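Structure assessment
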Amino acid sequence: MSGTSLDGLDIALIEQSDKTTLLATHYLPMPTELHDELLSLCSSGPDELARAAMAEQRWVQLAAHGISELLELHRLKPEAIRAIGSHGQTVRHEPARGFTIQIGNPALLAELTGICVISDFRRRDISAGGQGAPLVPAFHEALFDDQRSHRAVLNIGGFSNLSLLTPGQAVHGFDCGPGNVLLDAWIQRQRGERFDRDGAWAASGQVQPHLLHALQSAPYFQTQGPKSTGRELFNLEWLERHLGHLPDYPEADIQATLLELTASSIVTALQGAQPQTEELLVCGGGANNRALMQRLSDLLPGCAVNSTAVHGVPADWVEAMAFAWLAHCCLEAIPANRPSVTGARGLRVLGAIYPA
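Small disclaimer: the values here were computed from a predicted structure and weren't measured. By convention here, each chain's residues receive numbers from 1 onward along its written sequence. With the structure being a predicted model, the display of local features is reserved for residues of pLDDT at least 70 and the display and counting of side-chain atom pairs for 80 or more, all residues being used for whole-chain, interface and lining totals. Excluded from the side-chain calculation are hydrogens and water; included are all heavy atoms of the structure.

**Remarks on the pairing of strand β11 (residues 304-307)**
Heads up, the condition is: Two strands are counted as paired when DSSP detects at least two bridges linking them. The helix and strand labels rest on DSSP assignments: H or I over at least four residues marks a helix, E over at least two residues marks a strand, and numbering proceeds from the N terminus. By convention, a crossover is right-handed whenever its connection, traced from the first strand over the helix to the second and viewed with the strands pointing away, goes clockwise.
Sheet topology note: the strand β10 (residues 279-283)/β11 ladder contains four bridges and is parallel. Residue pairing across strands places V282 opposite S307, the latter belonging to β11. Taken together, β10, helix α11 (residues 290-299) and β11 form a β-α-β motif whose crossover is right-handed.

This is the structure in structure tokens:
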């Protein structure tokens, strides 16, 4: 799994029986050149098709190298692995126009690893009229639904998405809006850093109410699910358009306001969709942002805000585990989308199989 944050590749090894067990993990940082090229492919530019084809070859080579390292570290042979669930790298996501694009050449990955690859998880749901995202709520339901309490699972990657677990009801969920994407872009622009460690820079600034109100006025925040979003809507250019109509603010204040935008959009969405939530379980890179986690706790005084780690699932590995689980579902012909989440016309088996 490599998400919209583009920070690196998460590789999770699971054993699937009647439950999901995490056996091993491995992380590879995204090389700067590949990071920059993948980011540039998220918007139009010259020679896109050839550049995308070359970038996905480099992405697959990195993934194959990481899988090989994980197997060597744990003295496993490729034959011990039933399949690789490869999400690929999202470069465009526009379900309103009927498409989503994840590059990652699964045929090449199967060739380089000698392992069956399951990929292309999103397009079947979109073909059935769905958003193609988020796809992790079914996995969140399998892991965390105790059928007794009102829980929500919050994944904060580049974008944030919620899975709502209500006793006796089908799981619901949707993308809330930006997670780390604007925070990462702003600190990269101003300080040359990939991310704001612990939210320390944001914590050093002051929230600017006029800027926050302007950002919160985006029509996306006013719509109900099913809905999903991406860099096509929330990006640095979008932020700069708003800044161009407002006074000059200190750079740290803008970072603080972006953190407040992430926290407030999550809380507003959660309270609107499941106001009786008793526990919010957080996973993804945002779970490591202390300032963001504290702000979520402040805004949800009647709700316990915890990392998924309190239930035995490390926050950094939930999404990679989810796509391994989705590969299992594909091989077993188990429908893994949720129409209550994506808006698809019905349950669908997701993924395409590339045999070793």
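**Observations concerning the sheet that holds strand β9 (residues 172-178)**
To be explicit about the condition: Here, axes are lines fitted to C-alpha atoms. For helices the fit covers the stretch in contact, and angles between N-to-C directions go from 0 to 180 degrees.
Spatial strand order, β9-β8-β7-β10-β11: five strands in an open sheet with mixed pairing. The sheet terminates laterally at β9 and β11, the two strands that pair on one side only. Pairs of neighbouring strands in the sheet enclose a mean axial angle of 20 degrees, with direction left out of account. Taken together, the five bridges between strand β7 (residues 151-156) and β10 define a ladder with parallel strand orientation. Bridge assignment links R151 to a residue of β10, and that residue is E279.

**Regarding the domain arrangement of the chain**
Often, the extent of an interface is quoted as the loss of accessible area on bringing the components together. The line we're drawing: Here the bounds of each domain stem from an automatic or database domain assignment. Contacts: residue pairs with any heavy atoms within 4.5 Å of one another. Two parts lose some accessible area (1.4 Å probe) when they are put together, and adding that loss for both gives the buried area. Take a side-chain nitrogen of Lys or Arg and a carboxyl oxygen of Asp or Glu: if they are within 4 Å of each other, that pair is a salt bridge. Under this grouping Gly is polar, as are all residues other than the nonpolar Ala, Val, Leu, Ile, Met, Phe, Trp, Tyr, Cys and Pro and the charged Asp, Glu, Lys and Arg.
For the chain, the domain assignment lists domain 1 (8-133 + 318-354) and domain 2 (136-311). Counting residues at the interface gives 26 residues for domain 1, matched by 22 residues for domain 2. Between domain 1 and domain 2, a total of about 1900 Å² is buried, with carbon and sulfur atoms accounting for 64% of that surface. In terms of surface lost to domain 2, no three residues of domain 1 exceed V318, S340 and V341, which account for 31% of the buried area on that side. The interface formed by domain 1 and domain 2 includes one salt bridge. R338 serves as the salt-bridge partner of E141, at 3.6 Å between the closest nitrogen and oxygen. Sorting the residues of the side of domain 1 that touches domain 2 by element identifies α1 (32-40), β4 (89-94), α12 (318-331) and α13 (339-342) as the ones contributing at least two each. For the side of domain 1 that touches domain 2, a count of residues per class yields 14 nonpolar, eight polar and four charged.

**Let's talk about the side chain of T113**
Rule in force here: By the criterion applied in these results, polar contacts are pairs of N or O atoms within 3.5 Å in which, for protein atoms, one can donate a hydrogen and the other can accept it, and in which residues neighboring in sequence qualify only through two side-chain atoms.
Residue placement: T113 occurs in helix α3 (residues 106-113). Within the structure, the side chain of T113 is placed 2.7 Å from the backbone oxygen of L109, a separation counted as a polar contact. A distance of 3.2 Å separates the side chain of T113 from the backbone nitrogen of I115, its partner in a polar contact. Leaving out residues up to four positions away in the same chain, T113 has contacts with A64, I67, P78 and I84.

**A few points about unusual backbone geometry**
Quick note on the threshold: Relative accessible area decides the class of each residue, using a 1.4 Å probe on protein chains only: under 20% of the type maximum gives buried, over 50% gives exposed, and in between gives partly exposed.
In this structure, the amide linkage connecting A133 to the following residue, P134, adopts the cis form with an omega of -10 degrees. Here P134 is to be found in the loop between α4 (123-127) and α5 (137-144). For the bond from G225 to P226, the omega torsion is 5 degrees, close enough to zero to count as cis. Here P226 lies in the loop between α8 (209-216) and α9 (236-243). Unlike most non-glycine residues, D47 shows phi in positive territory, near 55 degrees. Assignment of secondary structure puts D47 in the loop between α1 and α2 (48-73). Of the residues examined, D47 reaches a relative accessible area of 56% and is grouped as exposed. One non-glycine residue, D198, adopts positive backbone phi at about 65 degrees.

**A short note on the sheet that holds strand β6 (residues 117-119)**
The three strands lie next to each other as β3-β6-β12, forming an open sheet whose pairing is mixed. With one partner strand each, in any of the chains shown, β3 (84-85) and β12 (352-354) form the two edges of the open sheet. Here β3 runs beside β6; their pairing, made up of two bridges, is parallel. Note on β6: the bridge partner recorded for I84 is V117.

**Things to note about the packing of aromatic side chains**
Our working rule: Aromatic contacts are taken between Phe, Tyr and Trp rings whose centres are within 6.5 Å, Trp giving its six-membered ring; a plane angle under 30 degrees counts as stacked, one over 60 as edge-to-face, and the others as tilted. Charge-over-ring placement is defined geometrically: NZ (Lys) or CZ (Arg) within 6 Å of the ring centre, and within 35 degrees of the ring normal.
Within the structure shown, the criterion is met by six aromatic pairs. Relative to W325, the ring of F139 lies with its centre 5.5 Å away and its plane at 45 degrees, an arrangement referred to as tilted. Taken together, the positions of F139 in helix α5 and W325 in helix α12 put the pair 186 residues apart, joining distant regions of the chain. Between Y220 and F221, the aromatic rings sit 6.4 Å apart at their centres with planes inclined by 75 degrees, giving edge-to-face as the arrangement. The burial state of Y220 is the same as that of F221; both residues are buried. Through successive ring pairs, a cluster of aromatic residues spans Y220, F221, F234 and W238. It is K227 that lies over the ring of Y220; its NZ or CZ is 4.3 Å from the centre.

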